[in-house]
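Descriptive structure summary
Below, each chain spelled out in residue letters.
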Amino acid sequence: MDNREKDIQELCKAILSKSLTESDYCSGGAYCPFCYKDNNWDIQDITKAEHEQQCPVLIAKDLSTNLK
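How each quantity is defined
Residues numbered from 1 in each chain as written. Predicted model: local features only at pLDDT ≥ 70, side-chain atom pairs only at ≥ 80, totals over all residues. Heavy atoms only, no water. Helix = DSSP H or I, 4+ residues; strand = E, 2+ residues; numbered from the N terminus. Disulfide = S-S within 2.5 Å. Axes fitted to C-alpha atoms, helices over the stretch in contact; angles between N-to-C directions. Parallel < 35°, antiparallel > 145°, perpendicular 65-115°, else oblique. Left-handed = near helix turned anticlockwise from the far one by under 90°. Contact = heavy atoms within 4.5 Å. Nonpolar A, V, L, I, M, F, W, Y, C, P; charged D, E, K, R; others polar. Buried < 20%, exposed > 50% of the residue type's maximum accessible area, 1.4 Å probe, protein only. Core = buried A, V, L, I, M, F, W, Y, C linked by side-chain atoms within 4.5 Å.

Attention now moves to unusual backbone geometry. Despite not being glycine, Tyr-36 has its phi angle at roughly 65°, a positive value. Mapping Tyr-36 onto the fold places it in the loop between strand 2 (29–31) and strand 3 (38–39).

Inspection of the entire model under this criterion finds zero disulfides. Unpaired in this structure, Cys-32 has its nearest cysteine sulfur neighbour in Cys-55, at a distance of 3.7 Å. Here Cys-35 is not cross-linked by a disulfide; its sulfur's nearest cysteine counterpart is in Cys-55, at 3.6 Å.

Packing of helix 1 (residues 3–16) against helix 2 (residues 56–63) brings their axes to within 9 Å, and their N-to-C directions diverge by 130°. The angle between the axes of helix 1 and helix 2 places the two elements in the oblique class. Our pair here, helix 1 against helix 2, has a crossing hand that is left-handed. Here helix 1 contributes Ile-8, Gln-9, Cys-12, Ile-15 and Leu-16 to the contact with helix 2, which in turn contributes Pro-56, Val-57, Ala-60, Lys-61 and Leu-63. Across the contact of helix 1 with helix 2, the residue classes break down as eight nonpolar, one polar and one charged.

Mapped onto the elements, Cys-35 comes out in the loop between strand 2 and strand 3. Accessibility expressed as a relative area gives 17% for Cys-35, which makes it buried. Spatially, the C-alpha atom of Cys-35 lies 5.4 Å from that of Cys-55, the residues being 20 residues apart in sequence. Sequence-distant contacts of Cys-35, defined by excluding residues within four places in its chain, comprise His-51, Glu-52 and Cys-55.

With that settled, consider the nonpolar core. Residues Cys-12, Ile-15, Leu-16, Leu-20, Ala-30, Cys-32, Cys-35, Ile-46, Cys-55, Val-57 and Ala-60 constitute the largest nonpolar core, which totals 11 residues. Within the residue set of this core, elements represented by two or more residues are helix 1 and helix 2. It is helix 1 that contributes the most residues to this core, three residues altogether.

No statement about biological role is implied by the geometric values presented.
Given below as structure tokens:
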């Protein structure tokens, strides 16, 4: 894996491991801090939240196929 691919995988890993913080919660639940899609239930795992179609979380999931 070249350095560029390593950087992409590190970026993906960072996005996918982000925990939702207090600032990501609103009165009805949580929202994604990248695409701001509302989620009507309490969530801590960003990968389980709902996202807009071009959200960086979904892109990171797609690009991270080589992550272990």
